[in-house]
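# Summary of the model geometry
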Protein chains: 2
Amino acid sequence: MGASKLDIYPESINQMAAIAKVFAHPARIAILQYISKQESCICNDIVDEIGLSQPTISQHLKVINDAGLLKGNFKGKSICYCLNVERFKEFQIVLNSFFNGTTSNCC
Amino acid sequence: MGASKLDIYPESINQMAAIAKVFAHPARIAILQYISKQESCICNDIVDEIGLSQPTISQHLKVINDAGLLKGNFKGKSICYCLNVERFKEFQIVLNSFFNGTTSNCC
DNA sequence: AAATTATATCGTAATATTGCAATGTTACAA
DNA sequence: TTGTAACATTGCAATATTACGATATAATTT
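As the structure is a computational prediction, the values presented were derived from the model and not from experiment.

Between its terminal C-alpha atoms helix H4 (residues 54–66) of chain A stretches 18 Å, which fits the 18 Å expected from 13 residues at 1.5 Å a residue. Positive backbone phi, at 85 degrees, marks A:Gly68, one or two positions downstream of H4(A).

Across the contact, 49 residues belong to chain B and 49 residues belong to chain A. Contact between chain B and chain A buries roughly 4,200 Å² in total, counting both sides, with carbon and sulfur atoms accounting for 68%. Counting across the chain B and chain A interface gives 0 salt bridges. Linking chain B with chain A are 7 residue pairs in polar contact (both at pLDDT 80 or more), by the criterion used here. Those elements that provide at least two residues to the side of chain B that touches chain A are helix H1 (11–22), helix H2 (26–37), strand E1 (70–75), strand E2 (78–83) and helix H5 (85–100) of chain B. Here the side of chain B that touches chain A takes 10 residues from H5(B), the largest share from any one element. Among the residues forming the side of chain B that touches chain A, the class breakdown is 27 nonpolar, 17 polar and 5 charged.

Two side chains bearing opposite charge may form a pair once their charged atoms approach each other closely. Following the criterion strictly, the structure yields 4 salt bridges over all chains and no others. Between A:Glu90 and A:Arg87 there is a salt bridge whose closest N-O contact spans 3.0 Å. You can see A:Glu90 and its partner A:Arg87 sitting in helix H5 (residues 85–100), 3 residues apart, about one turn around the helix. Residue A:Arg87 is classed as partly exposed on the basis of its relative accessible area, which comes to 29%. Between B:Lys62 and B:Asp66 there is a salt bridge, with its nearest N and O atoms 3.2 Å apart. Residue B:Lys62 and its partner B:Asp66 are both found in helix H4 (residues 54–66); the two are separated by 4 residues, about one turn of the helix. Each member of the pair B:Lys62 and B:Asp66 is classed as exposed.

One finds A:Phe23, A:Ile35, A:Ile46 and B:Phe23 to be the most contacted residues of the largest nonpolar core, which totals 67 residues. Excluding anything up to four places from it in sequence, A:Ile35 contacts A:Cys41, A:Ile46, A:Leu61, A:Leu70, A:Tyr81, A:Cys82 and A:Leu83.

What the rule picks out here adds up to 14 aromatic pairs over all chains. Note on A:Phe23 and B:Phe98: the rings are 5.8 Å apart at their centroids and 75 degrees apart in plane angle, and the pair reads as edge-to-face. Placement of A:Phe23 in the loop between helix H1 (11–22) and helix H2 (26–37) and of B:Phe98 in helix H5 is noted, with the two residues assigned to different chains. Taken as a pair, A:Phe23 and B:Phe98 share a single burial class, namely buried. Geometrically, the ring pair formed by B:Phe23 and B:Phe91 is edge-to-face, given 6.1 Å between the ring centres and 85 degrees between the ring planes. Highlighted residues: B:Phe23 in the loop between H1 and H2 and B:Phe91 in helix H5, separated in sequence by 68 residues. B:Phe91 shares its class with B:Phe23; the two are buried. A network of ring pairs unites the aromatic residues A:Phe23, A:Phe88, A:Phe91, B:Phe98 and B:Phe99 as a single cluster.

All right, on to the side chain of B:His60 then. Residue and element names in this part refer to chain B. Within the secondary structure, His60 sits in helix H4. Taking relative accessible area as the criterion, His60 reaches 9% and is therefore assigned buried. A polar side-chain atom of His60 sits 3.1 Å from a polar atom in the side chain of Arg28. With residues near it in sequence (within four places) discarded, His60 still touches His25, Ala27, Arg28, Ile31 and Leu52.

Cut-offs and rules
Residues numbered from 1 in each chain as written. Chains lettered and ligands numbered in written order. Predicted model: local features only at pLDDT ≥ 70, side-chain atom pairs only at ≥ 80, totals over all residues. Heavy atoms only, no water. Helix = DSSP H or I, 4+ residues; strand = E, 2+ residues; numbered from the N terminus. Expected span 1.5 Å × (residues − 1). Contact = heavy atoms within 4.5 Å. Buried area = accessible area lost by both parts, 1.4 Å probe. Salt bridge = Lys/Arg side-chain N within 4 Å of Asp/Glu carboxyl O. Polar contact = N/O pair within 3.5 Å; in protein donor to acceptor, adjacent residues only side chain to side chain. Nonpolar A, V, L, I, M, F, W, Y, C, P; charged D, E, K, R; others polar. Buried < 20%, exposed > 50% of the residue type's maximum accessible area, 1.4 Å probe, protein only. Core = buried A, V, L, I, M, F, W, Y, C linked by side-chain atoms within 4.5 Å. Phe/Tyr/Trp six-rings, centres within 6.5 Å; stacked < 30°, edge-to-face > 60°.

These figures come from the coordinates and say nothing about function on their own.
Given below as structure tokens:
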């Protein structure tokens, strides 16, 4: 196998897992942190910052972007990636509602 | 490759990614939710609840347990898995401090 | 002790992820 | 229009993850 059986879970759980997956790689966390620290951001800057090749960074950026976490300002040949704060906060809310809805009275 | 280059990131980032990884599979989220709803929990119950085989559930439980998210009460042949609420809250704090420390003023 | 029950571990197949070199693409510059 | 700089895409190799059947283990029950 190797593939997750997504069809057996409720949508809310799959959504939560999809969100977590974006953060499940250190490169993507580092990229998000770096972007959030900049006024504007150019992909090549990230390549210098983090020790990964340009294609690899580009790939991670795609994952982040597909999750809706980026807003792009396409000015000139350098693309400015920015954090989509609204979407980012949405993620935080989903995660927190999961945490807050989960308790334990056993043990 | 296929392996993440963990050595190029600060510890805090690797820790954050490791936490996210636990939640990056719907089965593990479903298991955590199920455990938190029960007074006590037996693995076989989870197998009935979620549509995965016993070995697969056991494997996911190991991942959750290795992350320190379970406290076990070993009474008899049925093992009682319980949520380690303290650890769980720790995870929430790490995630939230990441979210709150990340903003954007570009675009 | 033998059977039973609940869970863990092993082995293996299928698929996903990570990473990079090579190559495309696109927009500006000269 | 010919470069060139900044990404994106493709193709591939290495490793990780997911899932399950078969089997082991460990505690109860009979």
